[in-house]
Amino acid sequence: MRVDDLVTAMESIAPTRYAEEWDRVGLLVGDRDREIGGPILLTIDLTERVMEEAIEKKAAAVVAYHPPIWDPLRRVTSETPRQRIILRAVESRIAVYSPHTALDAVPGGVAEWLCEGLSGSKKAGHIEGDCRALTPHGQRPRSEEVKIVTFVPPDRVDDLRSALASAGAGMIGRYRLCSFAGIGRGSFLGEEGTNPAVGEAGRIEQVEESRLEMVCSKAALSLALETLREFHPYEEPAIDVYELSPKPTRRFGPGRRLVLDRPATVRELAERMKPFLKRERMRFALVGDDKPITHIGVCPGSGASLARLARQEGCEAYLTGEMSHHDVMGSLHSGMSVILGGHTSTERGYLPRLVEQLGRYMPKAELVVSERDRDPLELI
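Quick notes on the rules
- Residues numbered from 1 in each chain as written.
- Predicted model: local features only at pLDDT ≥ 70, side-chain atom pairs only at ≥ 80, totals over all residues.
- Heavy atoms only, no water.
- Pairing = 2+ DSSP bridges.
- Helix = DSSP H or I, 4+ residues; strand = E, 2+ residues; numbered from the N terminus.
- Axes fitted to C-alpha atoms, helices over the stretch in contact; angles between N-to-C directions.
- Contact = heavy atoms within 4.5 Å.
- Phe/Tyr/Trp six-rings, centres within 6.5 Å; stacked < 30°, edge-to-face > 60°.
- Buried < 20%, exposed > 50% of the residue type's maximum accessible area, 1.4 Å probe, protein only.
- Lys NZ or Arg CZ within 6 Å of the ring centre and 35° of its normal.
- Salt bridge = Lys/Arg side-chain N within 4 Å of Asp/Glu carboxyl O.

Caption draft 1: Fine view of the sheet that holds strand S2 (residues 40-43). Taken in spatial order, the five strands make up an open sheet running S1-S4-S3-S2-S17, and their pairing is mixed. The sheet is open, and its two borders are formed by strand S1 (26-29) and strand S17 (367-369), each paired with just one other strand. When strand polarity is set aside, the average angle formed by the axes of neighbouring strands in this sheet is 25 degrees. Sheet topology note: the S2/strand S3 (residues 61-64) ladder contains four bridges and is parallel. Counted as the bridge partner of Leu 42 is Val 63 from S3. Sheet strands touched by helix H1 (residues 3-13): S1, S2, S3 and strand S4 (95-98). Its angle to S4, the strand with the most contacts, is close to 5 degrees.

Have a look at this one:
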């Protein structure tokens, strides 16, 4: 096994394209070609204590949920804890990978793991209710970035379609030569000196035409248009290029909107999450009476940025790790109750699930959850 195998496995579990734009995800330290000759340690935070544990265990790699490199490093010395962590990783030849918000956004990820607990599900991977992303991620295959539309005599459609396909247009998934053609009537008036393929210059002409549509990537667009003009029978073909919007995918994206099969009060939900998150206490703030509800917004870690969207999506309560006092008050004023489970507590319990997933992709790897990773905040 090589570090590249770990990167490939993590990309299969939580593709980095689903991470937030501001995030620092992927392989942060290491050589993809280096062999993995020791355990892979999983942790939420890569602290100095956890790095010491990794060295003691002779780990070859660390999967740290939170990126240990966040702000740009001007130097890597032993002056600060963050620098020492990276320095020791490099000196010990330990690769470091971080999935962070990519792992939140995917089906079966951290956010949906929380939804399992909230819904009262007794089966791992199953949610008792409807669950979708608060902001569904838009996906657009590269081969379908734009659509080319032109108008051509019906008897020339096949030739033009084949020519455009040879230039890279008309690819949808594993299918080629994909197009749509519809019959209509076109009209034109050629000025003096033109040489229309149908009719005469200086006279309005109406002809039967096919509207030919084919998708295309932006990279292949210039060649496709050049090919279109070369093979089109008209002196001045009408050409339209439309940029295609991404197609939202319901269960990919940040946050979750959970609609429970069985209504529950906020207090019941908070009590339900205590054993699930292995916490002695939960904090919650209520809007009015604690009546049974069904619609809940969910975000692991620090979820204040999605709270307003959750309320706009009809959520009656919002579960996250932490929010500031003012963010909590803002949520209450909007009519949405809040449940706070602690930042890393809403993430750490997912690590055994990640071990299982990685094990399916890397069955020969020794996967270990850190024993020294813990919530930096303690309760008394």
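Structure's up, so let's keep going.
Caption draft 2: Just the packing of aromatic side chains, in detail. Evaluation of the coordinates by the stated rule reveals four aromatic pairs. Between the aromatic rings of Trp 22 and Trp 70, the centroid separation amounts to 5.9 Å while the plane-to-plane angle is 55 degrees, which identifies the pairing as tilted. Of the two residues, Trp 22 is situated in the loop between H1 and S1 and Trp 70 in the loop between S3 and helix H3 (81-91); the sequence distance between them amounts to 48 residues. With centroids separated by 4.9 Å and ring planes inclined at 35 degrees, the aromatic side chains of Trp 113 and Phe 276 adopt a geometry described as tilted. Here the residue Trp 113 occupies a position in helix H5 (residues 110-119), and Phe 276 occupies one in helix H8 (residues 266-277), the gap between them amounting to 163 residues. On the basis of relative accessible area, Phe 276 is assigned to the partly exposed category, the value being 25%. One aromatic cluster is present, built from ring pairs that chain together Trp 113, Phe 276 and Tyr 350. Cation over ring: Arg 24 sits above Trp 70, and NZ or CZ is 4.9 Å from the ring centre.

Caption draft 3: Layout of the sheet that holds strand S7 (residues 146-152). A sheet is described by the order of its strands in space; here four strands give the open sequence S8-S9-S7-S10, paired in antiparallel fashion. Sheet topology places strand S8 (180-189) and strand S10 (239-243) at the edges, where each strand pairs with a single neighbour. Taking each pair of neighbouring strands and ignoring which way they run, the sheet shows an average axis angle of 30 degrees. Pairing of S8 with strand S9 (residues 204-216) involves ten bridges; the strand directions are antiparallel. Counted as the bridge partner of Gly 184 is Glu 209 from S9. Here helix H6 (residues 157-166) sits on the sheet and contacts S7, S8 and S9; the angle it forms with S9, its principal contact strand, is near 30 degrees. Here helix H7 (residues 218-231) sits on the sheet in contact with S7, S9 and S10, set at roughly 5 degrees to S7.

Caption draft 4: Region of the structure containing the pattern of salt bridges. Tallied over the entire structure, the rule returns 23 salt bridges. One salt bridge in this structure joins Arg 32 and Asp 4, with 2.7 Å as the shortest N-O distance. Placement of Arg 32 in the loop between S1 and S2 and of Asp 4 in helix H1 is noted, with a sequence separation of 28 residues between them. The exposure class of Asp 4 is buried, given its relative accessible area of 18%. For Arg 140, the salt bridge goes to Glu 243, with nearest N and O atoms at 3.8 Å. Taken together, the residues span a long stretch of sequence, with Arg 140 in the loop between strand S6 (137-139) and S7 and Glu 243 in strand S10 at a distance of 103 residues. Residue class for Glu 243 comes out exposed when judged on its relative accessible area of 53%. Via salt bridges that share partners, Arg 2, Asp 4, Arg 32 and Asp 33 belong to a single interconnected network.

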